[in-house]
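So the chains spell out like this:
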Amino acid sequence: MNNILKLTPSLKDYIWGGTRLKELFGRDNGDKRISESWEVSVHPDGLCGCGSGTLSDYLAENPQAVDREGKPFPILIKYIDAKQNLSVQVHPDDVYARKTENDNGKTEMWYILCADEGAGIYCGFKRDTSRGEFLEKVENGTVEELLNFIPVKRGDCFLIEAGTVHAIGAGCVICEVQESSNVTYRVYDYLRKDADGNFRTLHVDKAAEIINYRAYSDRTGSGKSVHCGGGAVRLLTECEYFRCRELLLSGEYSERAERSFVALNVLEGKGEVNGMKFRNGDSFFVPCGESFVLKGKAKIMITDEGRAEKYYAGIDLGGTFIKCGIVSSKGELIVKDQIPTGSQRPYGLIAEDMASLVGRLAKRAGVKVEAVGVGSPGIIDSQNGVVVYSNNIAWKNVPLGKELEKLLQMPVFLTNDANAAALGESYAGAGKEYNSIVLVTLGTGVGGGIVLSGKQYEGGGSAGAEIGHTLLRINGEKCTCGRRGCFEAYASATALIRQTKREMEKYPESAMWSICKNDAENADGKTPFDAMRTGDQAAKKVVKNYIRYLGEGITDLCNVFRPDAVLLGGGICAEGETLLKPLRKFVKKNIFGGDGYAPVRILAATLGNDAGIYGAVRLAMCGVNAD
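In this numbering scheme, every chain counts its residues from 1 along its sequence in written order. Local features in this predicted model are restricted to residues of pLDDT 70 or higher, and side-chain atom pairs are both shown and tallied only at a pLDDT of 80 or more, whereas totals for entire chains, interfaces and linings draw on every residue. Calculated side-chain values reflect all of the structure's heavy atoms, with hydrogen atoms and water omitted.

Turning our attention to the overall build of the protein chain. For the purposes of this entry, the term helix denotes a DSSP run of H or I that reaches at least four residues, the term strand denotes a run of E that reaches at least two, and both are numbered from the N terminus. Along the backbone of the protein chain there are 15 helices and 34 strands. Considering only C-alpha atoms, the protein chain reaches an extent of 95 × 55 × 50 Å along its principal axes. In the protein chain, 68% of the contacts between residues at least 6 apart in sequence involve partners at least 24 apart. The Shrake-Rupley method, run with a 1.4 Å probe sphere, supplies the accessible areas, and residue values consider only the shown protein chains as cover. With the model as given, the accessible surface of the protein chain reaches about 27100 Å², and the carbon-plus-sulfur share is 48%. Contacts are residue-level and defined by heavy atoms, with any inter-residue pair within 4.5 Å sufficient.

Encoded structure:
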């Protein structure tokens, strides 16, 4: 039985399109232009058909037709006819798109079907640029001056990774293979107007958040043609989302869709597949596990699931230990380890140990590391990779980023360790479902970090987000920073222990004494909670006051940032709902305007000691996007 599906496309009419898809492939859209023909798609914005239904319907009933794990269909394949220049645009990666658009990100591949004399594409920047320069050029209409123009010809191929600013130039017809997504941020559109006479919507603010401001680097990775029975096969590109090959069929060629589905797009020629006739423009879906036999003379694009994952190293630098992990681009922690910091040594020796640890873990995992992120205590100049000051490791103006780049021969990106932890929770922990979060860590002090619209917030000179040193009470408790009344002086674990000891001195009959074995020095953050559970009134007072202090500080953070969620980390959070339930009630009551509009969720962080590693990895993944 032949289970191969012949597909029917979904046609799109945009203002820049022409008529060449009708000329090349016989597409018919009545009197309308055919700017795009979505050939293989389950995206709701353009479902392709098969039989009496859609490919989406078929895969809903046959999920293992995608691959043996039954994962969601990962790609969308389309033909594009650019009679005019497309807008200068950019697409986000998966993490940003899923949080802000409820869609996938978009990495794509362009295969040039034909091109007019002198036609080309814009792909990335000619040189490293900055967000400020880019926005200035967008504002004055000269952004094309920054873009890397590439003349193209028939058969050329380009991988356009998420974050790469780009545009298809007039006179190009391409086959595009991309993630299953329809998220595009336009940044410049030549002052064109739509059918209603309005300027087309731009998305400059979002685009500026996600653009890769480094000079364009081609990562397409095409191979040479390999002759086989019935033709020649050339690898066009492979990434984690798709693998694309060009088949020049000149007889009979057979293959089994062993690892996943296969999509066949006939670009030129004619023949048959498993006995079904085809001609140029036809598209087919081969379910996972099926074999197919192609006969004839044709040029065919063969696309299946990608496997080329990338790997990143994340380092959590502490005063006692250096922790490091290797994480895949899909967010899987492959391997991790830690070594003593030896913080009294010269920074060069510590950097050598960090580099060696990355090398050992990459070797153990059997992977190539693309970039490294580092979370370090102290004030960090993340733009220049400098530890400006860190009391934990007695560093001042240490160029750690450049030192590690020299040792590792790869990009290295730095941030504050608390900021890294927040980024980690946002990427892979309790905050991954939310667009904006604030992480509050309750330990020796009150640390934390802020992620707004999926991007880390550091403040001027990367010295902001010191949430523990916002003011809770004028002339209050002395803080370690020298001020009085800081949030940290009331809501840290250290502060809770101090408050516990004071109440113990006032109430010698309190159950807190027996829990501490009659020695106040044994008191810790659990002590008042454990005693409260016995009905002890003094302990109840300690916990109630502590939750009020914590609630006041969190309410202030909510009023300033109005995040989707505030995450709490640190050992105190082991108390779970005993801590969180009354805290939520306090914030709900006191937050400005109430929580009926834009409620803020109060949750416990989930990554524990791995948060810094995940955050450093996310920093490395996004590091090339920093201006």
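Attention now moves to helix 7 (residues 400-408). Burial in helix 7 covers these residues: Leu400, Gly401, Glu403, Leu404 and Leu408. The buried residues of helix 7 occupy an angular sector of 165° when projected down its axis, which confines them to one face. Exposed residues pointing more than 90 degrees away from the buried face of helix 7 are listed as Lys402 and Lys406. Of the residues trailing helix 7, glutamine 409 is marked for its positive phi of about 60°. Only protein chains enter the calculation, and the probe is 1.4 Å; a residue is then buried if its accessible area is under 20% of its type maximum, exposed if over 50%, and partly exposed in between. Relevant arc is that of directions from the helix axis to the C-beta atoms, nothing else.

On to the packing of aromatic side chains. What counts as a ring pair is set by centres within 6.5 Å for rings of Phe, Tyr and Trp (its six-membered ring), and what kind of pair is set by the plane angle: stacked under 30 degrees, edge-to-face over 60, tilted for all other angles. Considering all chains together, one arrives at 15 aromatic pairs under this definition. Ring centres 5.6 Å apart and planes at 40° place the aromatic pair tyrosine 14 and tryptophan 16 in the tilted group. Judged by relative accessible area, which is 27%, tyrosine 14 ranks as partly exposed. Consider the rings of tyrosine 347 and tryptophan 395, whose centres lie 6.4 Å apart with planes at 75°: the pair is edge-to-face. Residue tyrosine 347 is found in helix 6 (residues 347-365), and its partner tryptophan 395 is found in strand 28 (residues 395-398); the two are separated by 48 residues along the sequence. By relative accessible area, tryptophan 395 is classed as buried at 5%. Three or more aromatic residues joined by ring pairs form one cluster here, namely Tyr58, Phe73, Phe261 and Phe285. Should the NZ of a Lys or the CZ of an Arg lie within 6 Å of a ring centre and within 35 degrees of the ring normal, that charge is described as sitting over the ring. Here the guanidinium or amino end of lysine 12 rests over the ring plane of tryptophan 38, the centre of that ring lying 4.7 Å away. A cation over an aromatic ring shows up here: lysine 193 above the ring of phenylalanine 199, its NZ or CZ 5.1 Å from the ring centre.

Its 14 residues place the ends of helix 14 (residues 577-590) 19 Å apart at the C-alpha level, agreeing with the 20 Å of an ideal helix rising 1.5 Å per residue. Residues of helix 14 that are buried: Leu579, Leu580, Leu583, Phe586 and Val587. Viewed along the axis of helix 14, the buried residues span an arc of 130°, placing them on a single side of the element. Exposed residues pointing more than 90 degrees away from the buried face of helix 14 are listed as Lys581, Lys585, Lys588 and Lys589. For helix 14, the secondary structure elements touched by its buried residues are helix 12 (527-532), helix 13 (537-561), strand 33 (565-569) and strand 34 (601-604). Residue count minus one, scaled by 1.5 Å, sets the expected span of a helix.

This next bit is on the sheet that holds strand 30 (residues 437-442). Note on sheets: strands pair through backbone hydrogen bonds, and any given pair is parallel or antiparallel. Across the sheet, 5 strands lie side by side as 32-31-30-33-34; this open sheet has mixed pairing. Each of the sheet's edge strands pairs with one partner strand only, and the pair in question is strand 32 (455-457) and strand 34. Within the sheet, the average angular offset between the axes of one strand and its neighbour, ignoring direction, is 25°. The criterion for strand pairing is that DSSP finds at least two bridges linking the strands in question. Across 3 bridges, the pairing between strand 31 (residues 446-452) and strand 32 is antiparallel. Paired with leucine 452 across the two strands is lysine 455, which belongs to strand 32. To obtain each axis, a line is fitted to C-alpha atoms, and for helices this fit is confined to the stretch in contact; angles are then taken between N-to-C directions over 0 to 180 degrees.

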